[in-house]
Amino acid sequence: MEKDPVLTRASLTASGKVKAFIIHLARATRRKPQVDALINELPIASEIIQALDGAELSEDDVALVYRRYLHEPRYPFRLRKSEIACFLSHRKAWQSIVDQKLLAGFILEDDIALTSDFPEVFRIAQDYLIPGGFIRFPIREDRESGPEIFNNGNARIIVPCTIGLRMMAQLVSYEAAERLLAVTRTFDRPVDTTVQMKWVTKLQPYSIFPGGVKEISSTLGGSTVQQRKNLLEKLKREVIRPIYRARVRRFSSKQI
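Residues numbered from 1 in each chain as written. Predicted model: local features only at pLDDT ≥ 70, side-chain atom pairs only at ≥ 80, totals over all residues. Heavy atoms only, no water.

Undergrad: Could you give an account of the overall build of the chain, with specific residues and numbers?
TA: If you tally the helices and strands in the chain, you get 8 helices and 10 strands. Out of the 256 residues belonging to the chain, those deemed buried represent 49%. In the chain, the proportion of contacts linking residues at least 24 apart, taken out of those at least 6 apart, comes to 82%. For the chain, the exposed surface amounts to about 12500 Å²; the carbon and sulfur share of it is 51%. (Helix = DSSP H or I, 4+ residues; strand = E, 2+ residues; numbered from the N terminus. Buried < 20%, exposed > 50% of the residue type's maximum accessible area, 1.4 Å probe, protein only. Contact = heavy atoms within 4.5 Å. Areas by Shrake-Rupley, 256 points an atom, 1.4 Å probe, with all protein chains shown as cover.)

Next up, the structure:
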């Protein structure tokens, strides 16, 4: 059943004030054809955000933005330079939304492809985006649950009890971009786990299903962020990660 669309406003594309930003690392040359494909397929104007390269970040660069244990619950792992670069690349996209005075930006990473569901779910997301809104387009439906605010039988929007991970695709309002920039001048964890912290950001992201996107990094040379870990590091993460996630769930249950 479709809920009363109290959040609905005129389509953002009608105003010409929504734009796509595709985050792309220049040295990831195998991904450039997919970037070009996205530009051709997306129904709105697109711009490439040149991603920062973790390999080029100096220790001084890192010290300017990264501080361990800024927020509760404490993030238990030290960030790699590739994760810091990924975060800074998303900040570049948020900054572009603000600098260009857009109503919203659709931010994508360069290892996704659009599915046949995308045109409908993107239209719905635009209609339900409000000032301060942030709508995620997850690649999986089984990782988040929460009350529905929209369901037309083909697509649904939920308010996730615990916000999902990954930053593959999201529609970000001007106000949300402005807020995220303000609270992430320094950060202590990856960008997706930061967006989870609604008690810090004071934002409540929604998620739309199906997400209309799929990950294709395995066909494009693999991840540019994840790095191989030794056995000890893998075991440590396997033990600590569930404890951290349980703490996030407890914090997520609180009102923002």
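Undergrad: Can you explain the pattern of salt bridges? Please cite residues and give values.
TA: Across all of its chains, the model carries 16 salt bridges by this definition. Here aspartate 188 and arginine 189 are joined by a salt bridge, their closest N and O atoms 2.8 Å apart. Because the salt bridges share partners, they merge into one network encompassing Arg31, Asp110 and Asp111. (Salt bridge = Lys/Arg side-chain N within 4 Å of Asp/Glu carboxyl O.)

Undergrad: Describe the packing of aromatic side chains, with residues and values.
TA: Applying the stated criterion across every chain, the model contains 12 aromatic pairs. Geometrically, the ring pair formed by tyrosine 75 and phenylalanine 77 is edge-to-face, given 5.7 Å between the ring centres and 80 degrees between the ring planes. By the burial criterion, tyrosine 75 is buried, and phenylalanine 77 matches it. Note on phenylalanine 106 and phenylalanine 137: the rings are 5.0 Å apart at their centroids and 65 degrees apart in plane angle, and the pair reads as edge-to-face. Taken together, the residues phenylalanine 106 in strand 3 (residues 104-109) and phenylalanine 137 in the loop between strand 5 (134-136) and strand 6 (148-151) connect sequence positions 31 residues apart. (Phe/Tyr/Trp six-rings, centres within 6.5 Å; stacked < 30°, edge-to-face > 60°.)

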